[in-house]
Amino acid sequence: MNKTKYKLLGTPYFIWSAIFIVVPLGMVFYYGLTDRSGTFTLENLISVTTPEHSKALGLALLLSFAATLICLLLAYPLSMILNGMKVNQHSFIVLIFILPMWMNFLLRTMAWQTLLEKTGVINSILSFLGLPPLAIINTPYAIILGMVYNFLPFMVLPIYNSLSKIDPNVIHAARDLGAGGLQVFFKITLPLTVPGIISGITMVFIPALTTFVISNLLGGSKVLLIGNVVEQEFTQASNWHLGSGLSIVLMLFILVNMVITAVFDREGEGSVL
Amino acid sequence: MKNAAKKFYVFLIFVFLYAPIVTLMVLSFNASKTRSKWGGFTLKWYQALFGNRDILQALFNTLMIALMASLVATVVGTMTCIAIENMKKRTRTLIMGITNIPMLNADIVTGISLMLLFISLGLKFGLGTILLSHITFSIPYVVLSVMPRMKQLNPSTYEAALDLGAGPVYGFFKVVFPELLPGILSGFLMAFTMSLDDFIITHFTKGAGVDTLSTKIYTEVRKGIKPEMYALSTLIFITVLILLLLVNRAPSGQKEMKGVKL
C-alpha cells in the first residue's frame, strides 16, 4: 500500500534522534578534541595516560571486570534453575528482577552501608555465629559488591531469555544420541546462549565501568574511578574539554563492546526485553 | 537433595537482591535518626513525610516526568516502529543503530552530551531539560519492545480490514493495535521504570533548585538521609508490589496480557 504515508510516522523520532542523540554525541567529540580556545588537540585524550587518570581507569576496568565475571558466574546457574522450574509465567521471573528498581537505586545502594558497616547487620550476624567480621566497607570490594548487586538483573534476564528459547527437543535429541549431561551443556546449551551471555556482559560491564555513584556511596571518598574523574570535570572542575576527552576514551571501550555484541548477536536474540 | 540445593541457591540470590530493600523498610520504622542504631519502633517518619514539602515536591516532579516521558516515548516509539517496518533495510538498520546508542552508551556520557547540547542551545536547566532527556532515553525501550511484535504481525489481516471497508485509522486501531498492545504496554512500563529510577542523566541535566527524588537523595547523602525518605520509598515499593501482584493474579483468561513482561 502507500508506504510513504507510513514512513511519515517516523518523522518525529528521526528529527528527535538527530537533535538529542546524534548532535549531542557530536558535541562530546567536538569538546573532547579541542581546547578552550577551540583549536584542535589530542591533549584531552592523551591525558588519560597521566598517572592519576590511568590509575582511575585501570581500577575501573579491574573492578568492572571482576563484577561482570561474578555476575556471570552467579547468573548462569540461577537462570538454568529458574528455567528448569517451569514457572509458567515468564513475566513473573522478569518481574522479580525488575521490582527492586522501584525502590530508588541510590537508597538501595546506601542500604549496603548499613548492612556492611563495622557494627552493621552482617557483622552482627557473623559475630553471633562466632565468625570473623567482614571489613569491606569503603574498600574496592564494597564497590564490586555494589556493582554486582545493581547490575545482576541485567545479566540474569538476557541469559534466562535465551535459555527459555532453547527447544527442549534439541536437548532430547542430543540425549537420545548418547550425550551426557556435561556434553549437552557444552555442545548445546552453552553455544545457544552465547547471545544472551554477550548481551548480559555488555549490560553489566558498561555501567560498571563508568559508574561514579557506586564508588561514591560505597567506596568512601578514597576510591576514585574513571567515572568519578569525568563527573568531577563537569560538575566541579568545569573543564568540559578534559571531561569530554575522557568520555571519548570511555566510548572506545563501549564501541569495542558494541562491535562484539553485533558480531555475536545478529538477530537481537539476547535482548533483555 | 539436589532440588533442595537449587532452591537454596535461588533463595540466597533473593536474599541478596532484597536485603537492602528490607533494610530500608526497617529503617523507615526506626525511631533513631541515625542509620546504624535501632531506637525502637515508630511511625513518626510517615507522619513527617506528609508535612515535608520538599520531598513531596520532588516526588511530584519524579512522577510527572516519568509519566510524561513514558507517554510521549510510547506514542513516538510506536509510530516509529510502524514507519521502520515500511522502510528499506538500509534505513532500518541506520535507525535501529541510532536507537541503540542510548541503550548501549554509558549513562554518564549520555548525560554529559545532553548537558552540552542544552548549554549550547541556551536552554534554561530545569524540569524541561530533564523531561527532554528522559524522553530521549525512553524511546529506545519502547521501540525495542514494540518491534518484535511488529515483526510477528501478519500484514494480510490489516489489508483484509481495508478491503472490507475499514479506513486506515479504524483498521489500525481494530486490527494492528490490539496485536501490538502487549509490546506497547511493556515498553511503556519499562520506560516509566527507567525514568523513575534514573539518577545519572538527571544529575547532569537538572537545574539548581529543581529536584527529583534521586537527585534529592544524592544531595542528602553527605548530610545524612532524612528518614522520611525511607518512609516514602517503602510506601512506593509496597504500592507497586500490591499493584503487580493484583495484575499477576488476574484471571489467566486474559491471554493478551501474557506478552507483558512486567
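What comes next is a walk through the structure. Since this is a predicted model, take the numbers as computed values, not measurements.

In this section: the overall build of chain A. Of the regular secondary structure elements, chain A holds 14 helices and zero strands. Tracing chain A from N to C terminus, the helices and strands come up as α-α-α-α-α-α-α-α-α-α-α-α-α-α. Dimensions of chain A, computed from C-alpha atoms along their principal axes, come out at roughly 75 × 70 × 35 Å. Classification of the 273 residues of chain A by burial places 52% in the buried group.

In terms of nonpolar packing, the biggest core is built from 157 residues, with F97, M147 and V213 of chain A together with I108 of chain B touching the most fellow members. Looking at this core, the element that brings in the most residues is helix α8 (residues 140–164) of chain A, giving 15 residues. Beyond its immediate chain neighbours, meaning those up to four positions away, V213 of chain A contacts F105 and L106 of chain A together with F199, I200 and Y218 of chain B.

What follows covers empty space enclosed by the protein. Applying the stated rule across the entire model yields three cavities of 30 Å³ or more. The space that makes up the largest cavity amounts to roughly 150 Å³. Along its surface, the largest cavity is lined by 16 residues, and W102, M103 and N104 of chain A together with L213 and I236 of chain B are the ones closest to its centre. Counting only elements with at least two residues in the lining of the largest cavity, the list comes to α3 (53–85), α8 (168–197), α10 (213–223) and α11 (227–249) of chain B. With four residues, α11 of chain B is the single largest residue contributor to the lining of the largest cavity. For the lining of the largest cavity, a count of residues per class yields twelve nonpolar, three polar and one charged. Roughly 70 Å³ of internal volume is contained in the second largest cavity. Taken together, F20, I21, P24 and L25 of chain A together with I101, P102, N105, T110, S113 and T136 of chain B make up the full set of residues lining the second largest cavity. Counting residues per element, the ones that place at least two in the lining of the second largest cavity are α2 (11–32) of chain A together with α4 (89–104) and α5 (107–121) of chain B. Element by element, the count of residues in the lining of the second largest cavity is highest for α2 of chain A, at four residues.

This paragraph deals with the environment of V223 of chain A. All names here are of chain A. With respect to the helices and strands, the residue V223 is situated in the loop between α12 (213–218) and α13 (226–235). Residues V223 and N138, spaced 85 residues apart in sequence, show a C-alpha to C-alpha distance of 7.9 Å. Contact partners of V223, with chain neighbours within four places excluded, come to L59, P140, I143 and S215.

Another aspect to go through is the packing of α2 of chain A against α4 of chain B. Put simply, α2 of chain A and α4 of chain B touch, their axes get as near as 10 Å, and they point 55° apart. Taken together, the axes of α2 of chain A and α4 of chain B lie oblique to each other. Crossing hand, α2 of chain A versus α4 of chain B: left-handed. Between α2 of chain A and α4 of chain B, the residues in contact are Y13, F14, S17, I21, V22 and L25 of chain A and I95, I98, T99, I101 and P102 of chain B, respectively. Looking at the contact of α2 of chain A with α4 of chain B residue by residue, the class counts come to nine nonpolar, two polar and no charged.

Before going further, it helps to spend a moment on the interface of chain B and chain A. Every contact between the two is made by 83 residues of chain B and, on the other side, 78 residues of chain A. Summed over both sides, the interface of chain B with chain A buries roughly 8000 Å², with 80% coming from carbon and sulfur. Taken together, the links from chain B to chain A amount to one salt bridge. Between R108 of chain A and D197 of chain B there is a salt bridge whose closest N-O contact spans 3.4 Å. Among the elements that take part in the side of chain B that touches chain A, helix α1 (residues 2–27) of chain B stands out by supplying 16 residues, more than any other. A breakdown of the residues in the side of chain B that touches chain A according to their chemical character gives 61 nonpolar, 16 polar and six charged.

Turning next to the packing of aromatic side chains. Applying the stated rule across the entire model yields 24 aromatic pairs over all chains. Ring geometry for F234 of chain A against F204 of chain B: centres 6.5 Å apart, planes inclined by 85°, an arrangement best described as edge-to-face. Here F234 of chain A, found in helix α13, pairs with F204 of chain B, found in helix α9 (residues 200–205), and the two come from separate chains. Ring-pair connections join several aromatic residues into one group, and the members of that group are F212 and F234 of chain A together with F199, F204 and Y218 of chain B.

Right, let's talk about the environment of M115 of chain B for a bit. Looking at the element boundaries, M115 of chain B is found in helix α5. Measuring from C-alpha to C-alpha, the distance between M115 of chain B and F192 of chain B comes to 22 Å, with 77 residues separating the pair along the chain. Non-local contacts of M115 of chain B, meaning those with residues more than four positions away in its chain, are made with F234 and W240 of chain A together with F125, F204 and T205 of chain B.

Turning next to helix α2 (residues 44–51) of chain B. For an α-helix, the turn length of 3.6 residues means that residues three or four places apart are oriented alike. Residues and elements named next belong to chain B. Buried within α2 are the following residues: W45, Y46 and L49. One side of α2 holds all its buried residues, which, seen down the axis, span an arc of 100°. Facing away from the buried side of α2 by more than 90 degrees, the exposed set consists of Q47 and G51.

Let's shift gears to unusual backbone geometry. For N138 of chain A, which is not a glycine, the phi torsion comes out positive at approximately 60°. Looking at the element boundaries, N138 of chain A is found in the loop between α7 (121–128) and α8.

So, on to the packing of helix α9 (residues 168–176) of chain A against helix α10 (residues 181–192) of chain A. Two numbers describe a pair of packed helices, the interaxial angle and the distance between the axes. All names here are of chain A. With their axes 10 Å apart at the nearest point, α9 and α10 run at an angle of 135° to one another. Accordingly, the angle class assigned to the pair α9 and α10 is oblique. α9 and α10 meet at a crossing whose hand is right-handed. From α9, V170, I171, A174 and R175 reach across to α10, where they touch G181, V184, I188 and T189. Taken together, the residues of the contact of α9 with α10 sort by class into five nonpolar, two polar and one charged.

Parameters and conventions
- Residues numbered from 1 in each chain as written.
- Chains lettered and ligands numbered in written order.
- Predicted model: local features only at pLDDT ≥ 70, side-chain atom pairs only at ≥ 80, totals over all residues.
- Heavy atoms only, no water.
- Helix = DSSP H or I, 4+ residues; strand = E, 2+ residues; numbered from the N terminus.
- Buried < 20%, exposed > 50% of the residue type's maximum accessible area, 1.4 Å probe, protein only.
- Core = buried A, V, L, I, M, F, W, Y, C linked by side-chain atoms within 4.5 Å.
- Contact = heavy atoms within 4.5 Å.
- 1 Å grid on protein atoms, 1.4 Å probe; cavity = no way out; pocket = protein on both sides within 12 Å on 5 of 7 lines; lining within 4 Å.
- Points joined across faces, edges and corners; volume = space filled by probe spheres on them.
- Nonpolar A, V, L, I, M, F, W, Y, C, P; charged D, E, K, R; others polar.
- Axes fitted to C-alpha atoms, helices over the stretch in contact; angles between N-to-C directions.
- Parallel < 35°, antiparallel > 145°, perpendicular 65-115°, else oblique.
- Left-handed = near helix turned anticlockwise from the far one by under 90°.
- Buried area = accessible area lost by both parts, 1.4 Å probe.
- Salt bridge = Lys/Arg side-chain N within 4 Å of Asp/Glu carboxyl O.
- Phe/Tyr/Trp six-rings, centres within 6.5 Å; stacked < 30°, edge-to-face > 60°.
- Arc of directions from axis to C-beta.

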